[in-house]
Amino acid sequence: MLKSQTPAPDAETRPPSHLFYLSSLRRPLVDRAEGIYIWTQDGRRFIDGSSGPMVANIGHSNRNVLDAMKRQMDRATFAYRLHFENEPAEELARELAGKLPEGMDRIFFVSGGSEATESCIKLARQWAVATGQPRRWKVITRFPSYHGGTLGSLSVTGDDALAETFAPMMQVMPTVPAPAAWRDRDNLSMEQRGIRYADMLEEKILAEGPESVLAFIMEPVGGAATAALVAPDSYYPRIREICDRYGILLIHDEVMSGAGRTGKFLGGDHWNCKPDIVALSKGLGSGYAPLGALAAPMRLVQPLLASGGFQHGHTYAGNPLACAAGLAVLGEMDRLGLIANAADMGDLLMAELKGLAKRFPFIADVRGKGLLTGAEMVADPDTLRPIAPAKKATQRLLDLAYERGLIIYGRKVKGGIDGDNFMVAPPMIVTKEQVGEIVAIIGDSLQVLAGELDLPVED
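Residues numbered from 1 in each chain as written. Predicted model: local features only at pLDDT ≥ 70, side-chain atom pairs only at ≥ 80, totals over all residues. Heavy atoms only, no water.

K.L.:
How should I be thinking about the pattern of salt bridges in this particular structure?
P.N.:
Pairs can form between side chains of opposite charge whenever their charged atoms are close. Summed over the entire model, instances satisfying the criterion amount to 26 salt bridges. Put simply, Lys-138 and Glu-208 hold a salt bridge, and the shortest N to O gap is 2.8 Å. Of the two residues, Lys-138 sits in strand β5 (residues 138-143) while Glu-208 sits in helix α7 (residues 190-208), which places them 70 residues apart along the sequence. Look at Lys-138 and you get buried, because its relative accessible area is 12%. Using a relative accessible area of 26% as the deciding quantity, one classes Glu-208 as partly exposed. Here the residues in one salt-bridge network are Arg-183, Asp-365, Arg-367 and Glu-376, joined through shared partners. (Salt bridge = Lys/Arg side-chain N within 4 Å of Asp/Glu carboxyl O. Helix = DSSP H or I, 4+ residues; strand = E, 2+ residues; numbered from the N terminus. Buried < 20%, exposed > 50% of the residue type's maximum accessible area, 1.4 Å probe, protein only.)

The structure is reproduced here in structure tokens:
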């Protein structure tokens, strides 16, 4: 995420930080959070318009979740999975399996999104070896894309800014273009473009050698690397067809798009596109505890069990406190009807963002599903000429919104190096009035940005 350049008012009076992952610019100290709001110790209130990095799906400080965690804390906060089973993990796995596509009923818990996607890759590879296909090892991914920060998940991340430094340390995997069909200037329909982008996968499989390709990993609705990119509808069934044709596993990275954020439990559910393996995190724990999951059918898991088990694991896999939090999060989603609300408020948010695009024609595309939305900014909406990188348009917009009490998200969408966008993804509890407040602040910020960078504005 691009960090706000707005300094904290008390930065000069606070002791120096020993946290090396922070930049030299100090941030305000958080005091408390509730609902869609976060307050700092100096009394400022912020609307969490991005749910952090698209994490706080059910909002902050939900009392029922906190109470469930407290009950579990009073019983046990840790039980190592090789020594004990624990009830929260068993219940969460059962509840989660009931929300996933039929047959996707074997769950492996981890602590975050990078662990989840890496677990998917390892499961796929071990399945291939266990079923007599050891030559399959390549995982094709999209460029740009983001699948995590560990070396394994980074190897399937299409983002030069993040991966280039570590390329000598990992096996970089083959890529195909992400389906940014809205940018194409041709005579094809969107349906035809979707097929064309999907067929690029088949071309890559043939070029690499089908016997060497293990899996294809994709985000059904794009995350930060593509600002909520959605492919044409024709893309999804064609991808499934191609994977089946060559015996390749389809992995859906639902770390950001899953757990209800798009208005269905999984982003892929919008197209009835059933993957072979799913990665979940972020909204699954909703920020209350580090939690992620791999989900797969028994047909993939059984060969591993028969050959000695899943050669993979983490200390906190299936942690009872994290799983108690996740179970309570799913319960609150159901109790409050948050997936339906994400669909309804997402429609409203999308309409409002498209309204902003009419006012500010340098917004060339508005996209997403439910409460996972993004917009891309360009210097010339006719030619799609990008805004000069030196102008740091995304960073400036984030700062302007931050100064007005709104947090939104942004990252370069052309391999992490170029391309300006912003993402709006408030918690799934957001109301109509709050959507209006969010859009009003974005509109004010865009107005200032347009004046500073001499970008076009409609009267």
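K.L.:
What exactly am I supposed to notice about helix α12 (residues 393-403) here?
P.N.:
Each α-helix turn comprises 3.6 residues. Residues three or four places apart therefore point the same way. For α12, the tally of buried residues reaches nine of eleven residues, placing the bulk of the element in the interior. Of the residues making up α12, those classed as buried are Ala-393, Thr-394, Gln-395, Leu-397, Leu-398, Asp-399, Leu-400, Ala-401 and Tyr-402. Close packing links the buried residues of α12 with β3 (45-48), β12 (372-377), β13 (406-407), β14 (420-424) and α13 (432-453). Phi turns positive, to about 85°, at Gly-405, one or two residues after α12. (Contact = heavy atoms within 4.5 Å.)

K.L.:
Before we go on, may I ask you to explain the sheet that holds β12 in this structure?
P.N.:
For sheets, the rule is that strands pair by backbone hydrogen bonds, running either parallel or antiparallel. Pairing is antiparallel across the open sheet formed by three strands, whose spatial order is β11-β12-β14. The strands lining the two open edges of the sheet, one partner per strand, are β11 (363-369) and β14. For this sheet, the mean angle separating the axes of adjacent strands, direction not counted, is 20°. The sheet contact formed by β11 and β12 spans six bridges and is antiparallel. The residue of β12 that forms the bridge with Arg-367 is Gly-374. Contacts from α12 reach β12 and β14, with the element oriented near 35° to β14. Relative to β14, α13 is tilted by about 165°, and along the sheet it contacts β11, β12 and β14. (Pairing = 2+ DSSP bridges. Axes fitted to C-alpha atoms, helices over the stretch in contact; angles between N-to-C directions.)

K.L.:
Even after reading the chapter, I still don't get the packing of helix α11 (residues 338-359) against α13, so can you show me in this structure?
P.N.:
For any two helices packed against each other, one specifies the inter-axial angle together with the distance between the axes. For the pair α11 and α13, the least separation of the axes is 10 Å and the interaxial angle reads 20°. One element, α11, and the other, α13, form an angle in the roughly parallel class. Classified by chirality, the crossing of α13 by α11 is right-handed. Of the residues in α13, those touching α11 at Met-345, Leu-348, Leu-349, Glu-352, Leu-353, Leu-356 and Arg-359 are Lys-432, Val-435, Val-439, Ile-442, Gly-443, Leu-446 and Gln-447. Looking at the contact of α11 with α13 residue by residue, the class counts come to nine nonpolar, two polar and three charged. (Parallel < 35°, antiparallel > 145°, perpendicular 65-115°, else oblique. Left-handed = near helix turned anticlockwise from the far one by under 90°. Nonpolar A, V, L, I, M, F, W, Y, C, P; charged D, E, K, R; others polar.)

K.L.:
Can you walk me through the packing of α12 against α13 in this structure?
P.N.:
One can describe the packing of α12 onto α13 by two numbers: an axis separation of 9 Å at closest approach and a directional angle of 135°. The orientation of α12 relative to α13 falls into the category oblique. Helix-helix and strand crossings are classified by hand; for α12 and α13 the assignment is right-handed. Contact with α12, carried on its side by Ala-393, Arg-396, Leu-397, Leu-400 and Ala-401, involves Ile-441, Ser-445, Leu-446, Val-448, Leu-449, Glu-452 and Leu-453 of α13 and no other residues of that element. Across the contact of α12 with α13, the residue classes tally to nine nonpolar, one polar and two charged.

K.L.:
How should I be thinking about the pairing of strand β1 (residues 30-34) in this particular structure?
P.N.:
Taken residue by residue, a regular strand's side chains alternate between the two faces of the sheet. Across four bridges, β1 lies against strand β2 (residues 37-40) in antiparallel orientation. When the sheet's bridge partners are listed, Ala-33 is paired in β2 with Ile-38. Between the antiparallel neighbours β1 and β2 lie two residues, among them Gly-35 with a positive phi of about 65°.

K.L.:
Mind showing me how you'd approach the sheet that holds strand β8 (residues 249-253) here?
P.N.:
Strand order in the open sheet made by the seven strands is β4-β10-β9-β8-β7-β5-β6, with mixed pairing throughout. Every other strand in the sheet has two partners, leaving β4 (106-110) and β6 (175-177) as the edge strands with one partner each. Averaged over all neighbouring strand pairs, the angle between strand axes comes to 20°, with direction disregarded. α7 contacts β5, β6 and β7 (213-218) of the sheet and is inclined by roughly 155° relative to β6.

K.L.:
I tried to follow the pairing of strand β9 (residues 277-280) on my own but got confused; where do I start?
P.N.:
Where burial is concerned, the two faces of β9 agree: the one with Ile-277 and Ala-279 and the one with Val-278 and Leu-280 are both buried. For β8 and β9, the ladder comprises three bridges, and the chain directions are parallel. The partner of Asp-253 across the bridge, within β9, is Ala-279.

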